[in-house]
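Okay, here's what each chain looks like letter by letter:
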Amino acid sequence: MSFSVRFSQLNLDDLSMKLYASTAADVERALQHPSGNLNSLLALLSPAAQPYIEQMAQAAAQLTRQRFGANLGLYLPLYLSNLCANECDYCGFSMSNKIKRKTLNDAEILAEVEIIKSRGFDSILLVSGEHETKVGIEYFAHVLPLIKQHFSYVAMEVQPLKADEYQRLVALGLDAVMVYQETYRAQTYAKHHTRGKKQDFTHRLDTPDRVAKAGVDKIGLGVLLGLDDWRLDALLMGYHLDYLERHYWRTRYSISLPRLRPCTGGIEPKVLLTDTGLVQMICAFRLFNQQLDISLSTRETPELRDNLLPLGVTQLSAGSSTQPGGYQQPDSQLDQFEISDERSVDDVIVAMKTRGFNPVFKDWEKAWGVNNVNG
Ligand code: SF4
């Protein structure tokens, strides 16, 4: 059994119709019993929930404080390479984009690590384009121990790997894997992914199953908001999360809610997600799942990021670079996408503390991850 089997049983047209046919009574019922209930998640993501956003925000803020206190985890991405063998029309790293390509060597990685550590970070997200032959398992297996010596928590956002490759990386200290489906609509997926292995929608859909079986601490799901109807994509991500939690209960989960951002050769969003829509989505997921980590990237503006902090967000990046070598050479113009929040880490920390939040750089010890293998 893998998620693609469960997914093939879902009637997406029916779910879409139900989303848009939800009523105020459905939303009020959902607010009574939101936790772990997919019907409630559907109602809370629907247009009918818009008049209830204030109520949802208050409940989401309260649940988040109960579970996470005033703590907000901080992490930074470390871009290892912008080589990519795929064509995704929303991404600056797409194969046909005429940009300078770079893969960091050991010395360059350690130079980036030194800068990231000097800013206080102890949690890192390793990112690369998807290039199996030049930036594949052998490269990851080589650089992971080098990086792991310096960080308590190492997550990875790279191409989908095989089950035994994930096991190999977990043994080398990998703690978390982020694997974003981008969109759960197969036709839309095919339209935006026109070359390379990422074209295989089902293989990507089943990647979190392989990751979970390898015993990582946490799996991150995500959709690229704007590729298709965000309400349905968010609901289907909820179905994915629900399936994973039932099958791999030892694993923790996070979601990321990136909106399409401008990039080299990029596209305009098909469906615009407003700030209010983003708030609705964050609140709906917090009401649905109290344990879930919700991550906010520097794609959003400083003002919006600060305002979203109380509602359900538990992790954020600050002072990010989205290019390989970008912490040493910030102006090399190899970025994956433009960032909106360009504040320094110190400025983000001041903003967090002003609002009563506690920035957390370290919340993990290696020994906690032992014996986390899902059966
Ligand atoms: S989204 Fe990922 S796979 Fe697609 S072009 Fe960008 S880096 Fe490559």
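The sections below set out a description of the structure shown in this document. (Residues numbered from 1 in each chain as written. Predicted model: local features only at pLDDT ≥ 70, side-chain atom pairs only at ≥ 80, totals over all residues.)

**Some thoughts on the pairing of strand 7 (residues 218-222)**
- Judged from the three bridges that link them, strand 5 (residues 176-178) and strand 7 form a sheet pairing that is parallel. Bridge pairing links V177 to I219 in strand 7.
- Relative to strand 8 (residues 252-256), strand 7 runs parallel, the two sharing five bridges. The residue of strand 8 that forms the bridge with K218 is R252.
- Considered for its hand, the β-α-β crossover made up of strand 7, helix 12 (residues 230-247) and strand 8 is right-handed. (Pairing = 2+ DSSP bridges. Helix = DSSP H or I, 4+ residues; strand = E, 2+ residues; numbered from the N terminus. Right-handed = clockwise from strand over helix to strand, strands pointing away.)

**Some thoughts on the nonpolar core**
- Judged by nonpolar contacts, the single largest core of 96 residues is most densely connected at L44, I124, I282 and A284.
- Residues in contact with I282, not counting those within four places in the same chain, are A60, L257, I294, L308, L311, G312 and V313. (Core = buried A, V, L, I, M, F, W, Y, C linked by C-beta atoms within 7 Å. Buried ≥ 20, exposed ≤ 12 C-beta atoms within 10 Å, placed from the backbone. Contact = placed C-beta atoms within 7 Å.)

**Thoughts on the site of the ligand**
- As a matter of local geometry, the ligand sits amid C84, N86, C88, C91, F93, S94, G129, E130 and K198.
- When its residues are assigned to classes, the shell around the ligand shows four nonpolar, three polar and two charged. (Near = placed C-beta within 6 Å. Nonpolar A, V, L, I, M, F, W, Y, C, P; charged D, E, K, R; others polar.)

**Focus: unusual backbone geometry**
- You will see that E182, though not glycine, has its phi angle at about 75°, which is positive.
- In this structure, E182 sits in the loop between strand 5 and helix 9 (186-192).
- Taking the C-beta count within 10 Å as the criterion, E182 has 23 such neighbours and is therefore assigned buried.

**As for helix 12**
- Over its 18 residues, helix 12 extends 26 Å from the first C-alpha to the last, a length consistent with the 26 Å expected when each residue adds 1.5 Å.
- W230, R231, L232, D233, A234, L235, L236, M237, G238, H240, L241 and L244 are the residues of helix 12 that are buried. (Expected span 1.5 Å × (residues − 1).)

**Some thoughts on the pairing of strand 9 (residues 293-296)**
- Sheet topology places strand 8 next to strand 9; three bridges connect them, and they run parallel. In the strand pairing of strand 9, S256 is matched with S295.
- The pairing of strand 9 with strand 10 (residues 315-317) spans two bridges and is parallel. Residue pairing across strands places S295 opposite Q315, the latter belonging to strand 10.
- The parallel pair strand 9 and strand 10 is bridged by helix 14 (residues 302-308), and the resulting crossover is right-handed.

**Some points on the packing of helix 3 (residues 24-32) against helix 4 (residues 38-45)**
- It is at 8 Å that the axes of helix 3 and helix 4 come closest, and there the two elements cross at 125°. Taken as axis vectors, helix 3 and helix 4 run oblique relative to one another. Between helix 3 and helix 4 lies a crossing whose hand is left-handed. Residue-level inspection shows D26, V27 and A30 of helix 3 in contact with helix 4, the latter providing S40, A43 and L44.
- The residue makeup of the contact of helix 3 with helix 4, split by class, is four nonpolar, one polar and one charged. (Axes fitted to C-alpha atoms, helices over the stretch in contact; angles between N-to-C directions. Parallel < 35°, antiparallel > 145°, perpendicular 65-115°, else oblique. Left-handed = near helix turned anticlockwise from the far one by under 90°.)

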